[in-house]
Amino acid sequence: MGQTMKAAVMKGIRHIEIEELPIPVPKEGEVLIRIRSVGVCGSDVHYFVEGRIGDFVVQPPFILGHECSGEVVEVGKGVTHLKPGDRVTMEPGIPCGRCDFCRQGRYNLCPEVVFWATPPVNGTFCEYVVHPANFTYPVDPSVSFEEAALVEPLAVGMYAVHRAQAKPGDVALVLGSGPIGLVTLQALLSRGVTEIIAVDVVEKRLEKARELGARLVLNAAKEDVEEEVRAFTRGRGVDLVFETAGSIQTAQLSVEVAKRGGKVVLVGLPSKTHFDFGVIRILDKELDVLGVFRYANMYKGCVDLLNAHRVNLATLVTHRFPLEKTQEALLFAHEHKAESIKVVVNVGG
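Cut-off values and rules
Residues numbered from 1 in each chain as written. Predicted model: local features only at pLDDT ≥ 70, side-chain atom pairs only at ≥ 80, totals over all residues. Heavy atoms only, no water. Helix = DSSP H or I, 4+ residues; strand = E, 2+ residues; numbered from the N terminus. Rg over C-alpha atoms; globule rule 2.2 N^0.38 Å. Buried < 20%, exposed > 50% of the residue type's maximum accessible area, 1.4 Å probe, protein only. Contact = heavy atoms within 4.5 Å. Areas by Shrake-Rupley, 256 points an atom, 1.4 Å probe, with all protein chains shown as cover. Lys, Arg positive; Asp, Glu negative; His and termini not counted. Charge placed at Lys NZ, Arg CZ, Asp CG, Glu CD. Salt bridge = Lys/Arg side-chain N within 4 Å of Asp/Glu carboxyl O. 1 Å grid on protein atoms, 1.4 Å probe; cavity = no way out; pocket = protein on both sides within 12 Å on 5 of 7 lines; lining within 4 Å. Points joined across faces, edges and corners; volume = space filled by probe spheres on them. Nonpolar A, V, L, I, M, F, W, Y, C, P; charged D, E, K, R; others polar. Pairing = 2+ DSSP bridges. Axes fitted to C-alpha atoms, helices over the stretch in contact; angles between N-to-C directions. Phe/Tyr/Trp six-rings, centres within 6.5 Å; stacked < 30°, edge-to-face > 60°. Lys NZ or Arg CZ within 6 Å of the ring centre and 35° of its normal. Core = buried A, V, L, I, M, F, W, Y, C linked by side-chain atoms within 4.5 Å. Patch = residues over 30% accessible without salt bridge, like charges linked within 9 Å, V, L, I, M, F, W, Y side chains within 5 Å. Parallel < 35°, antiparallel > 145°, perpendicular 65-115°, else oblique. Left-handed = near helix turned anticlockwise from the far one by under 90°.

Peer 1: Lay out the overall build of the protein chain in plain terms, naming residues and giving numbers.
Peer 2: Per the secondary structure count, the protein chain includes eleven helices and 19 strands. In summary, the protein chain has a C-alpha radius of gyration of 20 Å against a globular reference of 20 Å for 349 residues, a match within 12%. Expressed along its principal axes, the backbone C-alpha trace of the protein chain runs to roughly 65 × 40 × 35 Å. Relative to its full complement of 349 residues, the protein chain shows a buried share of 54%. Across the protein chain, every contact between residues at least 6 apart in sequence was considered, and the portion connecting residues at least 24 apart equals 70%. Summing over all exposed atoms, the protein chain offers an accessible surface of approximately 15600 Å²; the carbon and sulfur share of this is 51%. On the protein chain, the mean spot of the 38 positive side-chain charges and the mean spot of the 43 negative ones are 3 Å from each other.

Following this line, the structure appears as structure tokens:
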């Protein structure tokens with residue numbers, strides 16, 4: 001192994017160059033990982049196209065990417081559960097472990113969390129990374145690197161379902177059938193929820209939702225979702241609504257289609273920080289409105305499901321690019337949403 005590695009470095013808005021950077025060295029409790037697959041997340045695209053998400057502003061040079069997998073190359077002192085050659089997936093957020101949120105087990109809310117590809121922390125569109133061993137999870141040899149990389153979005157969907165306390169017998173509505181919507185659908189199925197309605201405006205995504213087990217799929221561009229949900233539930237409304245599209249319209253719709261006493265789970269990031277929301281409907285229906293910020297304590301369970309082949313993450317991958325074409329991968333994900341579900345960058349052989 002040489003002393004340098006290739007990295008896809010963001011040098012400006014919509015501009016990435018391949019550079020040679022030093023290979024990092026693992027410290028005590030860390031592992032050196034050769035990256036194999038990295039999923040393109042909506043946040044990566046947003047940083048690439050806009051240069052910021054809210055208060056997080058990219059200051060080039062910067063490396064994007066956080067949905068990743070690879071193989072262990074070297075282990076630091078004190079690491080015993082991993083060894084060179086292990087296939088792994090990595091939880092990208094490292095909390096402080098000291099604050100009240102960490103001690104309560106809600107470490108996703110840690111104000112000092114260090115999260116890959118969230119400025120100023122570099123991400124994983126590169127050949128090698130070091131990572132704490134206790135946030136690195138071995139995956140079965142039968143699991144592909146692409147599947148292992150998608151444990152990260154699966155953890156988001158699983159956490160949303162956990163927050164909703166979904167259970168068998170619930171009727172659930174998933175607004176948005178992109179990657180997060182589709183993993184939320186699978187997370188619901190893993191919890192025994194079988195009556196699931198999936199909504200989108202892209203037929204390709206609705207076909208995938210049907211294939212994965214949605215009982216009813218609705219194209220919001222062609223059908224009246226509120227009317228169809230009312231018919232499906234015999235006027236009752238759904239127990240659980242998951243807004244995963246990041247759309248203001250679907251967020252507003254969520255409180256209309258939820259049953260009285262139901263739950264609305266907001267997962268997607270809308271384009272505006274403030275917009276009209278049906279507060280009177282929330283009060284009148286006594287809805288529980290839950291926010292989801294990343295995840296906590298989900299990775300082990302998600303890896304177990306993947307190792308047991310109880311979820312199908314491979315089916316989400318529609319397009320692949322090599323590391324050298326990371327810029328093209330991000331542009332494609334941005335410009336071809338109707339024909340892509342999950343774009344993946346594969347690193348090396």
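Peer 1: Outline the pattern of salt bridges, supporting the account with residue identities and numerical values.
Peer 2: Taken as a whole and assessed by the stated rule, the structure comprises 18 salt bridges. Between Lys 167 and Asp 170 there is a salt bridge; the shortest N-O distance is 3.1 Å. Residue Lys 167 is classed as partly exposed on the basis of its relative accessible area of 46%. Here Asp 170 falls in the buried class, since its relative accessible area comes to 6%. The residue Lys 259 makes a salt bridge to Asp 239 at a minimum N-O spacing of 2.8 Å. In this pair, Lys 259 is assigned in strand 16 (residues 258–266) and Asp 239 in strand 15 (residues 238–243), connecting sequence segments 20 residues apart. Among the charged side chains, a network of salt bridges with common partners joins Arg 236, Asp 239 and Lys 259.

Peer 1: So what about empty space enclosed by the protein? Which residues, and what values?
Peer 2: Taken as a whole and assessed by the stated rule, the structure comprises one cavity of 30 Å³ or more. Here the largest cavity is characterised by a volume of approximately 60 Å³. If you go around the largest cavity, the residues you meet are Glu 91, Gly 93, Tyr 107, Asn 108, Val 113, Phe 115, Arg 294 and Tyr 295. When its residues are assigned to classes, the lining of the largest cavity shows four nonpolar, two polar and two charged.

Peer 1: A description of the sheet that holds strand 13 (residues 195–200) should follow, citing residues and the corresponding values.
Peer 2: Taken in spatial order, the six strands of this open sheet run 14-13-12-15-16-17, and their pairing is parallel. Pairing within the sheet leaves two strands with one partner each, and these edge strands are strand 14 (216–219) and strand 17 (288–291). If you compare each strand with its neighbour and ignore which way they point, the axes differ by 15 degrees on average. In the packing of helix 6 (residues 203–212) onto the sheet, the strands contacted are strand 13 and strand 14, and the crossing angle to strand 14 comes to about 175 degrees. Here helix 8 (residues 248–257) sits on the sheet in contact with strand 12 (171–175), strand 15 and strand 16, set at roughly 155 degrees to strand 16.

Peer 1: Just give me the short version of the packing of aromatic side chains, but keep the residues and values in it.
Peer 2: Scanning the model with the defined rule gives five aromatic pairs in all. Judged by centre distance (5.8 Å) and plane angle (55 degrees), the rings of Phe 321 and Phe 332 are tilted. Of this pair, Phe 321 sits in strand 18 (residues 317–322) while Phe 332 sits in helix 11 (residues 326–335), placing them eleven residues apart in sequence. Comparing Phe 321 with Phe 332, the two get one shared label, buried. If you follow Arg 87 out to its NZ or CZ, it ends over the ring of Phe 145, 4.0 Å from the centre. Positioned above the aromatic ring of Phe 115, the side-chain terminus of Arg 294 is 3.7 Å from the ring centre.

Peer 1: Describe the nonpolar core, listing the residues and the values that go with them.
Peer 2: Within the largest apolar cluster, 50 residues are counted, with the highest numbers of intra-cluster contacts made by Leu 188, Phe 242, Val 265, Tyr 295, Leu 313 and Leu 316. Those elements giving two or more residues to this core turn out to be helix 4 (151–164), strand 12, helix 5 (179–190), strand 13, helix 6, strand 15 and helix 10 (299–307). Not counting residues within four places of it along the chain, the set of residues in contact with Phe 242 comprises Ala 160, Val 161, Ala 164, Ala 172, Leu 173, Val 174, Leu 175, Thr 184, Leu 188 and Val 265.

Peer 1: An account of the layout of surface pockets is needed here, citing residue identities and associated values.
Peer 2: Quantified by volume, the second largest pocket comes out at close to 240 Å³. As for the second largest pocket, its lining consists of 16 residues, of which Met 5, Ile 63, Asn 122, Gly 123 and Cys 126 are closest to the centre. For the lining of the second largest pocket, the secondary-structure elements that each account for two or more residues are strand 1 (4–12), strand 2 (15–22) and strand 10 (128–132).

Peer 1: Lay out a nonpolar patch on the surface with the relevant residues and their values.
Peer 2: Together, Val 279, Ile 280 and Leu 283 line one region of the surface with nonpolar side chains, adding up to about 330 Å² of accessible area. By the secondary structure assignment, Leu 283 is in helix 9 (residues 279–285). Residue classification places Leu 283 among the exposed residues on the basis of a relative accessible area of 60%.

Peer 1: How would you sum up the packing of helix 4 against helix 5? Please name residues and give values.
Peer 2: As a packed pair, helix 4 and helix 5 sit with axes 8 Å apart at the nearest point and diverge in direction by 55 degrees. Between helix 4 and helix 5, the crossing angle belongs to the class labelled oblique. Relative to helix 5, the crossing made by helix 4 is right-handed. Contacts between helix 4 and helix 5 involve Pro 153, Leu 154, Val 156, Gly 157, Met 158 and Val 161 from the first element and Ile 180, Val 183, Thr 184, Ala 187, Leu 188 and Ser 190 from the second. Class assignment of the residues belonging to the contact of helix 4 with helix 5 gives a composition of nine nonpolar, three polar and no charged.

Peer 1: Talk me through unusual backbone geometry; I want residue IDs and the actual numbers.
Peer 2: Residue Pro 61 follows Pro 60 across a cis peptide bond; omega there is 0 degrees. As for its position among the elements, Pro 61 is in the loop between strand 5 (56–57) and strand 6 (67–75). For Gln 165, which is not glycine, the phi dihedral falls at a positive 55 degrees. The topology assignment puts Gln 165 in the loop between helix 4 and strand 12. For Gln 165, a relative accessible area of 55% corresponds to the exposed category. Phi is positive for Arg 294, close to 55 degrees, though the residue is something other than glycine. Relative to the helices and strands, Arg 294 resides in the loop between strand 17 and helix 10.

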